[in-house]
Amino acid sequence: VTAFIDFPFGESSFKGKVQAIKEGMKIGIDTAQVTIPNMLIENENLKQYKSQVKKVGKLFKDGSGIVLNATDLTDEGIKKALKIAGRTKLTSVTFSFGESTLEQVKEKLDVVNKYRGAKKIYVLANVDKAEAVTELMKLNVDMVLTPYADEIGKELVKRFNAESVKLR
C-alpha cells in the first residue's frame, strides 16, 4: 500500500508529514510518496530540501519517494532536485503535472531524462488514453499514475477483446 502525503502549504509542517507516515505504517502503509514544496528548490532553500528528502528516504527500506510539481519547476530546478535526490535512499521521484498537456509533460520529461540518475521516475498526469500512457512510457518513465486508470483499462479490454487487464 502506497500513501501520497500532501498537505496544503502552511497547513502542516514537514514534521507533521513524517508523523502521518509513521501513523500510516502502523496500519499497513509500506511505501510513501511525500510532496515537497518547489519553493525549497527554486528559492535556494536547498539545505531544507536536502534535509527533508534524506528523512523521507530513511523512512522505508524500499519504496520511499518524493513528489514535485513539475509544472512549476524550471529546468535548473529539475536538475538540482534530481541531483540531491540521487544522493539519498529514496526509491523514486514523482513529477506531478496537474492540468498540463501531453506535449508539456513530454517536454519536461526530456529535461528529467537528462538528469535522472538511478532513481525510478514516476509521472502523475491527467492522461486519459492508452496511447498517451504508451508515449510516456517510451520516455523512460517507470510508472504513470493517472486518475483515468479505470477508463484506460476498459478501453484496453474492449480493444483487445479481453476479459480483463492488469494495469501496473
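As the structure is a prediction and not an experimental result, all values here were calculated from the model. (Residues numbered from 1 in each chain as written. Predicted model: local features only at pLDDT ≥ 70, side-chain atom pairs only at ≥ 80, totals over all residues. Heavy atoms only, no water.)

1. So, the nonpolar core
Looking at soluble globular proteins, one finds that nonpolar side chains tend to be buried together.
Next, step 1: With 45 residues, the main nonpolar core has Tyr49, Ile66, Leu68 and Phe95 as its most contacted residues.
Next, step 2: The residues touching Ile66, leaving out its near neighbours within four places in the chain, are Gln33, Val34, Ile36, Tyr49, Val53, Val56, Leu90, Ser92, Val93 and Thr94. (Core = buried A, V, L, I, M, F, W, Y, C linked by side-chain atoms within 4.5 Å. Buried < 20%, exposed > 50% of the residue type's maximum accessible area, 1.4 Å probe, protein only. Contact = heavy atoms within 4.5 Å.)

2. Regarding the pattern of salt bridges
Next, step 1: Evaluated as defined, the whole model comprises five salt bridges.
Next, step 2: Arg116 is paired through a salt bridge with Asp142; the nearest N and O atoms lie 2.8 Å apart. Highlighted residues: Arg116 in the loop between α5 (102-115) and β5 (120-124) and Asp142 in the loop between α6 (130-137) and β6 (143-145), separated in sequence by 26 residues.
Next, step 3: Take Asp142: its relative accessible area is 32%, and that puts it in the partly exposed class.
Next, step 4: Arg159 is paired through a salt bridge with Glu155; the nearest N and O atoms lie 2.5 Å apart. Here the residue Arg159 and the residue Glu155 both occupy positions in helix α7 (residues 149-159), the gap between them amounting to four residues, near one helical turn.
Next, step 5: Residues participating in the shared-partner salt-bridge network are Glu103, Lys106 and Glu135. (Salt bridge = Lys/Arg side-chain N within 4 Å of Asp/Glu carboxyl O. Helix = DSSP H or I, 4+ residues; strand = E, 2+ residues; numbered from the N terminus.)

3. Re helix α4 (residues 75-85)
Next, step 1: Listed in full, the buried residues belonging to α4 are Gly77, Ile78, Lys80, Ala81, Leu82, Ile84 and Ala85.
Next, step 2: Looking at the packing, one finds that the buried side of α4 touches α2 (39-42), α3 (46-59), β3 (64-69), β4 (92-96), α5 and β5.

4. Focus: the environment of Glu135
Next, step 1: Locating Glu135 in the fold gives a position in helix α6.
Next, step 2: Aside from chain neighbours lying at most four places away, what touches Glu135 is Leu102 and Lys106.

5. A word on unusual backbone geometry
Next, step 1: Residues other than glycine seldom take positive phi values, yet Asn140 does so here, at roughly 65°.
Next, step 2: Counting through the fold element by element, Asn140 comes out in the loop between α6 and β6.
Next, step 3: Even without being glycine, Asn161 reaches a positive phi, approximately 50°.
Next, step 4: Take Asn161: it is sitting in the segment after α7.
Next, step 5: A residue is classified by how much of its surface remains accessible, and Asn161, at 72% relative accessible area, is exposed.

6. Comments concerning a positive patch on the surface
Next, step 1: Judged by side-chain charge, Lys50, Lys54, Lys55, Lys58, Lys79, Lys83, Arg87 and Lys89 come together as a positively charged surface patch.
Next, step 2: Broken down by secondary-structure element, the contributors of at least two residues to the positive patch are α3 and α4.
Next, step 3: Relative to the helices and strands, Lys83 is located in helix α4. (Patch = residues over 30% accessible without salt bridge, like charges linked within 9 Å, V, L, I, M, F, W, Y side chains within 5 Å. Areas by Shrake-Rupley, 256 points an atom, 1.4 Å probe, with all protein chains shown as cover. Lys, Arg positive; Asp, Glu negative; His and termini not counted. Charge placed at Lys NZ, Arg CZ, Asp CG, Glu CD.)

7. Some details on the packing of α4 against α5
Next, step 1: Interaxial distance between α4 and α5 falls to 9 Å at its minimum, and their mutual angle equals 40°. α4 and α5 meet at a crossing whose hand is right-handed. Facing Asp75, Ile78, Lys79 and Leu82 of α4, the residues of α5 in contact are Lys108, Val111, Val112 and Tyr115. (Axes fitted to C-alpha atoms, helices over the stretch in contact; angles between N-to-C directions. Left-handed = near helix turned anticlockwise from the far one by under 90°.)

8. Quick word on the side chain of Gln52
Next, step 1: You can see Gln52 is positioned in helix α3.
Next, step 2: Gln52 gets classed as buried once you look at its relative accessible area, which sits at 8%.

9. Looking at the environment of Arg116
Next, step 1: Overall, Arg116 belongs to the buried group, its relative accessible area being 16%.
Next, step 2: A sequence separation of 38 residues divides Arg116 from Lys154, and the C-alpha atoms of the two residues are 32 Å apart.
Next, step 3: Excluding residues that lie within four positions of it along the chain, Arg116 makes contacts with Leu82, Ile121, Asn140, Val141 and Asp142.
Next, step 4: A polar contact of 2.4 Å, which involves the side chain of Arg116, links it to the backbone oxygen of Asn140. (Polar contact = N/O pair within 3.5 Å; in protein donor to acceptor, adjacent residues only side chain to side chain.)

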